[in-house]
Amino acid sequence: MDELQDEQICPYCDYVVEDHQSNWDEKEEDITCSNCDKSYTVRAVYQFEGFQIEKQCESCGEWTEDGMLLCGCQED
């Protein structure tokens, strides 16, 4: 099964696992379905979206996403 699912679903009986019981870790985990008692392997797959970079103003200590400009404080 190469298709990614939005929920953790048993591949044998289509039982949907509640979010609070799902394996959200990126490492594989062997699961025994509480509905049909069959075992399957699951792991969460995440996509890297990029870096969010902020710069701390040297004058007042505020954080700003724009690393080229001051945060707007009154630097003397």
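Quantities reported herein were computed from a predicted structural model and do not represent experimental measurements.

Participant: Got a minute to help me understand the overall build of the protein chain in this structure?
Facilitator: In terms of helices and strands, the protein chain carries zero helices and four strands. Order of helices (α) and strands (β) in the protein chain, N terminus to C terminus: β-β-β-β. A buried classification covers 16% of the 76 residues belonging to the protein chain. The long-range fraction of contacts in the protein chain, counting pairs at least 24 apart against all pairs at least 6 apart in sequence, stands at 14%. Accessible surface, the protein chain: about 6900 Å² in total, of which carbon and sulfur atoms supply 43%.

Participant: In this structure, what is going on with the confidence of the model for the protein chain? I would like to understand it.
Facilitator: Regions with low pLDDT should not have their predicted coordinates read in detail. Looking at the protein chain, pLDDT values average 82 and 83% of them are 70 or higher. The secondary-structure element of the protein chain with the lowest mean pLDDT is strand β4 (residues 63-64), recorded at 74, while strand β2 (residues 39-42) shows the highest, at 94.

Participant: Before we go on, may I ask you to explain the pairing of β2 in this structure?
Facilitator: Within a regular beta strand, the side chains point alternately toward one face of the sheet and then the other, so they alternate between its two faces. Side-chain alternation along β2 places Y40 and V42 on a buried face and S39 and T41 on a face that remains uncovered. Where strand β1 (residues 29-32) meets β2, four bridges bridge the pair, whose relative direction is antiparallel. By the bridge assignment, D30 is partnered in β2 with T41. Linking β1 back to β2 in an antiparallel pair, the connection comprises six residues, with D37 at a positive phi of about 65°.

Participant: How should I be thinking about a negative patch on the surface in this particular structure?
Facilitator: A contiguous patch of negative charge, built from D6, E7, E18 and D19, is present on the exposed surface. Residue position: E18 is located in the segment before β1.

Participant: Even after reading the chapter, I still don't get the pattern of salt bridges, so can you show me in this structure?
Facilitator: Between side chains of opposite charge, pairing is possible as soon as their charged atoms come close. This model, assessed by the stated rule, comprises one salt bridge. Of the charged contacts, one joins D25 and K27 as a salt bridge, the two residues approaching to 3.9 Å between their closest N and O atoms.

Participant: Just to check I follow, could you spell out unusual backbone geometry for this structure?
Facilitator: Residues apart from glycine generally show negative phi values, whereas peptide bonds are mostly found in trans. Within the chain, D14 stands out as a residue other than glycine whose phi angle is a positive 65°. Tracing the backbone shows D14 in the segment before β1. Residues other than glycine seldom take positive phi values, yet D37 does so here, at roughly 65°. Its location among the elements puts D37 in the loop between β1 and β2. Assessed through its relative accessible area of 63%, D37 is described here as exposed.

Here is what the cut-offs are and how they apply
In this convention, every chain numbers its residues from 1, walking through the sequence in written order. Where totals are concerned, whole chains, interfaces and linings use all residues; where local detail is concerned, this predicted model gives features only for residues with pLDDT of at least 70, and gives and counts side-chain atom pairs only at 80 or more. Computation of side-chain values: all heavy atoms of the structure, hydrogens and water removed. We count a stretch as a helix when DSSP gives it H or I for four or more residues in a row; a strand needs E for two or more, and each element gets its number in order from the N terminus. Buried, partly exposed and exposed residues are distinguished by accessible area as a fraction of the type maximum, computed with a 1.4 Å probe on protein chains only: under 20%, between the cut-offs, and over 50%, respectively. What makes two residues a contact is simply this: any of their non-hydrogen atoms within 4.5 Å. Methods summary: accessible areas were calculated by the Shrake-Rupley approach with a probe of 1.4 Å, and residue burial reflects only the protein chains presented. For every residue, the predictor states its confidence as a pLDDT score lying anywhere from 0 to 100. Pairing between strands is defined by DSSP: at least two bridges between them are needed. Patch rule: a residue counts if its relative accessible area is over 30% and it has no salt bridge; like charges are joined within 9 Å, and nonpolar side chains (Val, Leu, Ile, Met, Phe, Trp, Tyr) within 5 Å. When a carboxyl oxygen of Asp or Glu is within 4 Å of a side-chain nitrogen of Lys or Arg, the pair counts as a salt bridge. Working convention for charge: Lys and Arg count positive, Asp and Glu count negative, and His plus the chain ends are omitted. All charge positions are set by atom: Lys at NZ, Arg at CZ, Asp at CG, Glu at CD.

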